[in-house]
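# A look at the structure
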Amino acid sequence: QPLISTRALNKIYRTQTGEDVVALRDVSLDIAPGAFVTVVGPSGCGKSTLLKILAGILARSSGEVSLAGRPIDGPSRNVGVVFQAPVLLPWRNVLQNVLLPIDIQRLKRADHEGRARALLKLVGLAGFENKYPSELSGGMQQRVGITRALVHDPDLLLMDEPFGALDAMTRESMNLELLRIWEESRKTVMLVTHSIPEAVFLADKVVVMSPRPGRISEIIDVDLPRP
Ligand code: ADP
Ligand code: ADP
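What you see is a predicted model, and the numbers here were worked out from it, not measured in a lab. (Residues numbered from 1 in each chain as written. Chains lettered and ligands numbered in written order. Predicted model: local features only at pLDDT ≥ 70, side-chain atom pairs only at ≥ 80, totals over all residues. Heavy atoms only, no water.)

## A short note on the overall build of the chain
Put simply, the test is: The numbering of helices and of strands both runs from the N terminus, where a helix is a DSSP run of H or I of at least 4 residues and a strand a run of E of at least 2. Based on C-alpha atoms, the radius of gyration is set beside the globule rule, defined as 2.2 Å times the residue count to the power 0.38. Buried means the residue's accessible area, taken with a 1.4 Å probe over protein chains only, is under 20% of the maximum for its type, while exposed means over 50%, and partly exposed covers the values in between. In this analysis, two residues are considered to be in contact whenever any of their non-hydrogen atoms come within 4.5 Å of each other.
Broken down by element type, the chain carries 7 helices and 10 strands. Computed over its C-alpha atoms, the radius of gyration of the chain comes to 18 Å, within 12% of the 17 Å expected for a compact globule of 227 residues. Taken along its principal axes, the extent of the C-alpha atoms in the chain is 45 × 40 × 40 Å. The buried share among the 227 residues of the chain stands at 48%. Across the chain, the fraction of contacts at a sequence separation of at least 24, relative to all contacts at a separation of at least 6, is 67%.

## Overview of the side chain of arginine 148
For clarity, the cut-off: His is not counted, nor are the chain ends; Lys and Arg add positive charge and Asp and Glu add negative charge. The term salt bridge refers to a side-chain nitrogen of Lys or Arg lying within 4 Å of a carboxyl oxygen of Asp or Glu.
Relative to the elements of secondary structure, arginine 148 occurs in helix H5 (residues 138–149). Although arginine 148 lies buried, it forms no salt bridge, and the closest oppositely charged side chain, aspartate 103, sits 11 Å away as judged by the N-O distance. Beyond its immediate stretch of four places on either side in the chain, arginine 148 contacts Val87, Leu88, Asn97, Val98, Leu100 and Pro101.

## Looking at the sheet that holds strand E5 (residues 70–71)
Quick reminder of the rule: When DSSP locates at least two bridges between a pair of strands, those strands are taken to pair. Between N-to-C directions, angles span 0 to 180 degrees; the directions come from axes that are lines fitted to C-alpha atoms, helices contributing only their stretch in contact.
Reading across from one edge, E2-E1-E4-E5 is the order of the 4 strands in this open sheet, with antiparallel pairing throughout. Two strands lie at the open edges of the sheet, namely strand E2 (20–31) and E5, each paired on one side alone. Bridge analysis of strand E4 (residues 62–67) against E5 gives 2 bridges, and the strand direction is antiparallel. Note that in E5 the partner of leucine 67 across the bridge is arginine 70. Strands strand E1 (4–14), E2 and E4 of the sheet are contacted by helix H1 (residues 47–55), whose axis makes an angle of about 115 degrees with E1.

## Brief notes about the packing of H5 against helix H6 (residues 168–185)
The condition is simple: Throughout this description, any angle smaller than 35 degrees is read as roughly parallel, any larger than 145 degrees as roughly antiparallel, any in the 65 to 115 degree range as roughly perpendicular, and the remainder as oblique. Handedness of a crossing is defined here by the sense of rotation of the near helix relative to the far one, left-handed for an anticlockwise turn of less than a right angle and right-handed for a clockwise turn. When residues are sorted by character, Ala, Val, Leu, Ile, Met, Phe, Trp, Tyr, Cys and Pro go into the nonpolar class, Asp, Glu, Lys and Arg into the charged class, and all the rest, Gly among them, into the polar class.
In the contact formed by H5 and H6, the axes pass within 10 Å of each other and the chain directions differ by 30 degrees. Classified by the interaxial angle, the pair formed by H5 and H6 is roughly parallel. Taken as a pair, H5 and H6 cross one another with a handedness that is right-handed. Contacts between H5 and H6 involve Gly139, Gln142 and Arg143 from the first element and Thr170, Met174 and Glu177 from the second. The residue makeup of the contact of H5 with H6, split by class, is 1 nonpolar, 3 polar and 2 charged.

## What to know about the site of ligand 1
Selection criterion: Nearness is defined per residue: one heavy atom within 4 Å of the molecule or strand is enough. The term polar contact refers here to a pair of N or O atoms within 3.5 Å; inside protein, the definition further demands a hydrogen-donor-capable atom paired with an acceptor-capable atom, and it admits residues adjacent in sequence only when both atoms are side-chain atoms. Calculation of accessible area relied on Shrake-Rupley with a 1.4 Å probe; when residues are assessed, cover is drawn exclusively from the protein chains displayed.
Taken together, Tyr13, Val21, Ala23, Pro42, Ser43, Gly44, Cys45, Gly46, Lys47, Ser48 and Thr49 are the residues near ligand 1. The contact in question runs from an oxygen atom of ligand 1 to an N or O atom on the backbone of glycine 44, over 2.7 Å. In this structure, an oxygen atom belonging to ligand 1 sits 3.0 Å away from a main-chain N or O atom of glycine 46. Coverage of ligand 1 by the protein amounts to 63% of the 560 Å² it exposes when considered alone. Among the secondary structure elements, those contributing two or more residues to the shell around ligand 1 are E2 and H1. The element contributing the most residues to the shell around ligand 1 is H1, with 3 residues.

## Looking at the pairing of E4
Relative to E4, E1 is paired through 5 bridges, and the arrangement is antiparallel. The residue bridging threonine 6 from the neighbouring strand is valine 65, located in E4. Counting the residues between successive antiparallel strands, the hairpin from E4 to E5 contains 2 residues, one of them, alanine 68, with a positive phi of roughly 50 degrees.

## Thoughts on the environment of glutamate 172
Mapped onto the elements, glutamate 172 comes out in helix H6. Judged by its relative accessible area of 58%, glutamate 172 falls in the exposed class. Distance from glutamate 172 to glutamate 198, taken between C-alpha atoms, is 8.8 Å for residues 26 residues apart in sequence.

And the structure:
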């Protein structure tokens, strides 16, 4: 069974001036559990829209979309989301930021703190638990964002240009790190990027979206040795 499945998925935005903007048109896609999928395409082709629908934070206009066989009808603990800029609370230290989703849902911190610490180690932030966001580099802040997205141990990690705000060198090392996290945590990852080299480097499946907005132009299976 695919982890993600969409059939004839459509999204049309109605703008404030009453115009209709087609953002997704007839998108049908199956993603197997454990895959590393990248979504690539020019600005405005609908990449973010697709991710937001999968994240359950944006309603589709028509069609079907499901996660592990169940229709997606809202945010789920089984999906972690990382956006371009990590939104960390400056008055909370690293560990407290990672535990934010636990606090928001009024779960017991004690049940999740061990896992949060282990994840921080996995992303190379052991020893930084008590630091504040302002004391961290941009790359480290984004690693905190990734850790926070993983705190519920979701099956699916959605990332929208997660390293887009970082310089090229940092970005490259973050991509390598992300592959390591993916290999160790066995998540299904779907990552949006506008960089074709990055898309091919990271993924075992590349979804190419067409500049005719909202359509998939091809899906490429990549079979390259991992670094
Ligand atoms: P991408 O992520 O590939 O840049 P988006 O999914 O952000 O593309 O946008 C797809 C299309 O939908 C674009 O034409 C964009 O302008 C439009 N769009 C995105 N969000 C909205 C919105 N909230 N209201 C109206 N149009 C939108
Ligand atoms: P990206 O291309 O990285 O997806 P954008 O800069 O296109 O981001 O969009 C940033 C935000 O503005 C998104 O939340 C998107 O939904 C919204 N947006 C994009 N296009 C429009 C639009 N035409 N009208 C209203 N909101 C929009």
